[in-house]
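# What the coordinates show
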Amino acid sequence: MQAERTRGRRCPPWDEPGRHRKDWNVEFRSLEDRGVLVIGVSGRLDSTTSGALEKEVRRQLGTGHARIVFDLSALEYISSAGLRVFMMAAREVRGKGSLAMAGPTPHVRQVLDLAGVATFAKMYDTATEAVEALNQSSH
Amino acid sequence: MTGQMFVTLANRLPEIARLAGLVDAFGKAHGLSSEVIFNLNLSLDEVLTNVISYAYDDDAGHDVIVRAMLDGDRVLAEVDDDGCAFNPLEIAPPDIQAGLDRKGAGGLGVYLVRSLMDTVEYRPERERNVFTMRKRHAGGAHPGTTMSPVG
């Protein structure tokens, strides 16, 4: 629904993907384990850092990876901007691979659950479990 | 630290991470649980990200004011900005169960705020937008009495 614009100024749309600015509050570590790409994300995943993760995910997708595990065991914080990167990744691998989340802390898990991440990615306690599950499902 | 926090932010996204540190210190000083602090920070982040990203159509610097205080058994947080008037509570919530097939990308941030906070309220006030959120907290000792400017 379009909201009221009482001051007559041009009002940009609310809550669309934000501008991205890379900073150093987040770190990514990508490795391949038995054909599955594991992307470890640590620190804060928010509107200033999600663009850097999106860039990394797109780069990896471009190399042909379609089975991806996000290792969230060291992720301290996530906002909707970070969730959108997971949704983007899930859309990209849909029909040709799969996506899994591993080891989120309780606070992060609560946000993932609220956002319905389980509707497009399976949850595992550890990255090792997730890799094994994705390997088995591909055979 | 008193029971109130008052922070003036520039309308730049990196300011949100700075605020998170201040909210964390405020929450710990008043015995708020890590869950309440996390939810408070996430809700402020979502509101501020939208304000900073979309409320201004110029390149000028603007002050965005954030207040937090203990209000009985609740913690209250307010975002006060001079951007274009907009009530985020009019946004339709996303269809979470539709998963990847949900229509549009919008609404997720506001949906999280509504889910994590007990009450949310928007009011235009003297050409400013004031967005108020309240959340019941388990701990928290003394209600605020004085204003403590920081940031």
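See the structure above.
Let us look at the structure shown here. Here the structure is a predicted model, which means the values were calculated and not measured. (Residues numbered from 1 in each chain as written. Chains lettered and ligands numbered in written order. Predicted model: local features only at pLDDT ≥ 70, side-chain atom pairs only at ≥ 80, totals over all residues. Heavy atoms only, no water.)

## Notes on the overall build of chain B
Looking only at helices and strands, chain B has three helices and six strands in total. The order of helices and strands in chain B, counted from the N terminus, is β-α-α-β-β-α-β-β-β. By the burial criterion, 54% of the 151 residues in chain B qualify as buried. Looking at chain B alone, contacts between residues at least 24 apart form 65% of all its contacts between residues at least 6 apart. As presented, chain B carries roughly 6,200 Å² of accessible surface, and 50% of it is formed by carbon and sulfur atoms. (Helix = DSSP H or I, 4+ residues; strand = E, 2+ residues; numbered from the N terminus. Buried < 20%, exposed > 50% of the residue type's maximum accessible area, 1.4 Å probe, protein only. Contact = heavy atoms within 4.5 Å. Areas by Shrake-Rupley, 256 points an atom, 1.4 Å probe, with all protein chains shown as cover.)

## Section: the pattern of salt bridges
Per the counting criterion, the structure on display carries 19 salt bridges over all chains. In the salt-bridge network here, residues are joined through shared partners; they are Arg67(B), Asp71(B), Glu78(B), Asp80(B), Glu121(B), Arg123(B), Glu125(B), Arg128(B) and Arg134(B). (Salt bridge = Lys/Arg side-chain N within 4 Å of Asp/Glu carboxyl O.)

## Some details on the packing of helix α3 (residues 106-114) of chain A against helix α3 (residues 108-116) of chain B
Between α3(A) and α3(B), the shortest axis-to-axis distance is 10 Å and the interhelical angle comes to 115 degrees. The chirality of how α3(A) crosses α3(B) is right-handed. Packed against α3(A), whose contacting residues are Gln110(A), Val111(A) and Leu114(A), the element α3(B) presents Tyr111(B), Leu112(B), Ser115(B) and Leu116(B) at the interface. Residue composition of the contact of α3(A) with α3(B), grouped by class: five nonpolar, two polar and no charged. (Axes fitted to C-alpha atoms, helices over the stretch in contact; angles between N-to-C directions. Left-handed = near helix turned anticlockwise from the far one by under 90°. Nonpolar A, V, L, I, M, F, W, Y, C, P; charged D, E, K, R; others polar.)

## Looking at the environment of Arg12(B)
On the secondary structure map, Arg12(B) appears in the loop between β1 (4-10) and α1 (15-29). Remark: the alpha-carbon pair of Arg12(B) and Val64(B), spanning 52 residues in sequence, is separated by 9.6 Å.

## Observations regarding the packing of aromatic side chains
Evaluation of the coordinates by the stated rule reveals two aromatic pairs over all chains. Ring geometry for Phe70(A) and Phe86(A): centres 4.7 Å apart, planes at 50 degrees, overall tilted. One end of the pair, Phe70(A), is in strand β3 (residues 67-71); the other, Phe86(A), is in helix α2 (residues 80-93), and 16 residues separate them in sequence. Phe70(A) sits in the buried class, given a relative accessible area of 0%. Considering the side-chain rings of Tyr77(A) and Phe38(B), the 5.6 Å spacing of their centres and the 50 degrees angle between planes classify their relative orientation as tilted. Taken together, the residues span two chains, with Tyr77(A) in strand β4 (residues 75-78) and Phe38(B) in helix α2 (residues 34-54). Both residues of the pair, Tyr77(A) and Phe38(B), count as buried. Above the ring of Tyr77(A), the side-chain terminus of Arg44(A) is found at 4.1 Å from the ring centroid. (Phe/Tyr/Trp six-rings, centres within 6.5 Å; stacked < 30°, edge-to-face > 60°. Lys NZ or Arg CZ within 6 Å of the ring centre and 35° of its normal.)

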